[in-house]
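# Coordinate analysis (summary)
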Amino acid sequence: MPIACSAGRNVILITCENIEETGQACNQIELRFAESLAMTADELIVKLKDPDDKVRTEAWFGAGRVGAPAIRPLSALAAEDNLEVARAAKRGLWQIVRHAGRPGAGEELTAVQAELVSLLDGRLPAALLREVLWMLSEIGGEESVQPIARQLTHMQLREDARMALERIPGAGSLAALKAGLAAAPDDFKTNMAQSLRQRGEVVPGIPCVKLVPTRKTNVKRVDG
Amino acid sequence: MSGPDRHPSRRTFLKAAGAAIGFPHIVSSRVLGASGRTGAGNRLTVGVIGVGGMGLVHLKNLLEFRQQGKVNIATVCDADEGRLGKAVRTAGAGVEPYRDYRYILERKDIDAVIIATPDHWHAVQTVHACECGKHVYVEKPASVTIEEGKAMVAAARKHHRAVQVGAQARTAKPAHITCTAIRNGIVGRVTRVTCWHYATPIDNDPVPDCDPPPELDWDLWLGPLRWRPYNPRYCPGTFRWLMESGGGQIRDRGAHQFSTILWCMDADRQTSYTVEAKGTPPSKGLWDCPPEMEVVYTFEDPHWQLVWGQPGDKIGKTEFGNVFWGDRGRLVLEWEGGHKPADEMAVDFKVPAGGVEVARTDEYESLDMNHKADWFKAIREGSKPAVDIEIGHRVATMCNLGNLSYLLGRKLSWDGVKQQVVNDEHANRLLGRPQRHPYHL
């Protein structure tokens, strides 16, 4: 008789000779999975550097419970030249963010958010900082607002910072968007106005340009 | 069946439409004709936005409709100049090419648009088209986020536009035969529907980011998505294997299969359910959708389950399909009920006296042509098309929630009335996604 064993998001169907054997096998799988969850940040980093795709994949997929202590080392690894190692590290970061966002995560969420905010100090490449902004857009609260708002003056990050603020609910992010609009250079005012409109604000004096065509083609029509 | 001879003339339809009570759609004077006169050329004037893949199929359909005197093709549009050049040559003389779809929307002579761009563009372009007074045929899946889907429904209703989603099975014969049989109890009461489907591919040939090819406007292709450097593995076609832009097989093919299943189960009103997804992640590469995946949707009142399986338990003969499990047996539907014939058991089934009859537009053998004929009919009659945007949105919501449950690693309880996940603030924040300026709803 097959029994379904739960290993994180995977369900494994096991069939043995009898119900006892099946149950024991199931227990073993669940125990091993639980052990893998006890992975430390250091162990996670080692596995993510492994040349075997499967080892790396298993590691990042199980990174959620490693939590806040892994964020800084993962961010360093995500900036590495090795394409697949960097990708696995980035995906590990996302797993941590999404695990921390679960209902009732409490202090774990606070710790992950604080680590992410600390990455916005500018030492990471812009591409990775954009990723951090999007992570904060998912789980960030009031504590994230001002660190994100400071990125509105950064040419390479300002659009992602705007979108992150737009997504974070609450009065703090709305106030930051308004302040951002007031301080924005002319070429960024319509962007800021867009976010404020998405948040239900009326923004007079800055027309919405979403329906204004701008891109001309070089392809010619066929004449009859 | 059908063929052009059975297709009533546009003039006949317009007379009938004009006589209808409570004509809710605003049909342009060019279509109806001012002061009771027929419009110029007596045809709908249509533009095609996105002309690769299915976009070319749509264009070829329109050429056939044009030959039958039913439409004018005014424009074609694509962010890829290579594709655009091919399309404009296919469309022939007098068809204007555009890179930017907004040029089409500002043209007053265009009544309707067909949108076959990558999935992340569907909602923005549909909403903009409705706001500019165009009727819309949009490819499936309707949207990539639930907030987008809500905006599409709202725009269609506010501007009284007919918005058809391109899940053609609800106007196709095999799905109709199956739907009629299921609704009339061919296998008794159905409590479980299972799907089987081949895996989402893995990017086994990853390459670094690089400059986009000169013919591609990368910024425009990205549109509402956050900016990132070009990578050849994003497009064309492969956008489907990324969560942001495609969502994998469950959103690509699931949008077809779920639409058919909800139709067969008469479950369009069962909008609340739980969703629990499990999957295996890809072992390498840019694409992030799970190659293998199982998603269980549980509905109540009445109780039944829909199980999406990649690969799932393959019962039928072809690459993917569905099984309806009833208390008196099972019925297989290959694919989604469009391209493959219905099971013989369903074909042979006779509707009992007083049984349920299911309506379907039946004007063309070709499911692509017939689905568009259904849309044209809705435009003319001011009625809702077979896969009205509200249905398309509900189907896309199922696909999107399946992916969300996988990404978050937890079961979600969906309140279809409030359109929110119950007691999960994080999940609710992910029902929408901020969009890049100026490509926004």
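So, here's what we can say about the structure. The shown structure was predicted, so the numbers you read here are calculated from the model rather than taken from an experiment. (Residues numbered from 1 in each chain as written. Chains lettered and ligands numbered in written order. Predicted model: local features only at pLDDT ≥ 70, side-chain atom pairs only at ≥ 80, totals over all residues. Heavy atoms only, no water.)

Turning to empty space enclosed by the protein, a few remarks are in order. In this structure the tally under the stated criterion is five cavities of 30 Å³ or more. Of the volumes computed, that of the largest cavity is approximately 60 Å³. If you trace the largest cavity, you find it lined by Asp53(A), Arg56(A), Thr57(A), Trp60(A), Glu84(A), Arg87(A), Ala88(A), Arg91(A), Pro282(B), Ser283(B), Lys284(B) and Gly285(B). Looking at the lining of the largest cavity, the elements with two or more residues in it are helix 3 (53–61) and helix 5 (83–100) of chain A. (1 Å grid on protein atoms, 1.4 Å probe; cavity = no way out; pocket = protein on both sides within 12 Å on 5 of 7 lines; lining within 4 Å. Points joined across faces, edges and corners; volume = space filled by probe spheres on them. Helix = DSSP H or I, 4+ residues; strand = E, 2+ residues; numbered from the N terminus.)

With respect to the helices, strands and loops of the structure, Arg429(B) is situated in helix 15 (residues 425–429). A polar side-chain atom of Arg429(B) sits 2.9 Å from the main-chain carbonyl oxygen of Gly140(A). Among all residues touching Arg429(B), those that are not within four sequence positions of it are Leu136(A), Ser137(A), Glu138(A), Ile139(A), Gly140(A), Arg167(A), Ile168(A) and Pro169(A). (Polar contact = N/O pair within 3.5 Å; in protein donor to acceptor, adjacent residues only side chain to side chain. Contact = heavy atoms within 4.5 Å.)

Right, let's get into the pairing of strand 4 (residues 112–115) of chain B. Residue and element names in this part refer to chain B. Side chains Ala112 and Ile114 of strand 4 all project onto a buried face; the interleaved residues Val113 and Ile115 project onto the opposite face, where all are buried too. Across four bridges, the pairing between strand 1 (residues 44–49) and strand 4 is parallel. Bridging from a neighbouring strand, Val48 pairs with Ile114 of strand 4. The sheet contact formed by strand 4 and strand 5 (residues 135–138) spans four bridges and is parallel. (Buried < 20%, exposed > 50% of the residue type's maximum accessible area, 1.4 Å probe, protein only. Pairing = 2+ DSSP bridges.)

The subject of this paragraph is the environment of Asp100(B). Relative to the helices and strands, Asp100(B) is located in the loop between strand 3 (96–98) and helix 5 (102–105). A relative accessible area of 0% means that Asp100(B) is categorised as buried. Here the alpha-carbon distance between Asp100(B) and Glu139(B), two residues 39 residues apart in the chain, equals 18 Å. Apart from residues no more than four positions distant in its own chain, Asp100(B) is found in contact with Pro213(A), Thr214(A), Arg215(A), Cys77(B) and Leu220(B). Here Thr214(A) takes part through its backbone nitrogen, which lies 2.8 Å from a polar atom of the side chain of Asp100(B).

Residues and elements named next belong to chain B. Pairing is parallel in the open sheet, where six strands are placed in the order 3-2-1-4-5-6. Since the sheet does not close on itself, it has two edges, and those belong to strand 3 and strand 6 (163–165), each with one partner. For this sheet, the mean angle separating the axes of adjacent strands, direction not counted, is 20 degrees. Against the sheet, helix 4 (residues 81–91) engages strand 2 (71–77) and strand 3, with an angle of about 160 degrees to strand 2. The sheet strands contacting helix 13 (residues 367–381) are strand 1, strand 2, strand 4, strand 5 and strand 6, and the helix crosses strand 5 at an angle near 160 degrees. (Axes fitted to C-alpha atoms, helices over the stretch in contact; angles between N-to-C directions.)

Residue and element names in this part refer to chain B. With an omega of -5 degrees, the peptide bond between Cys235 and Pro236 qualifies as cis. Note that Pro236 resides in the loop between helix 9 (218–222) and helix 10 (248–252). In this structure, His160 is a non-glycine residue whose phi angle is positive, near 55 degrees. The residue His160 is located in the loop between helix 7 (146–158) and strand 6 in this model.

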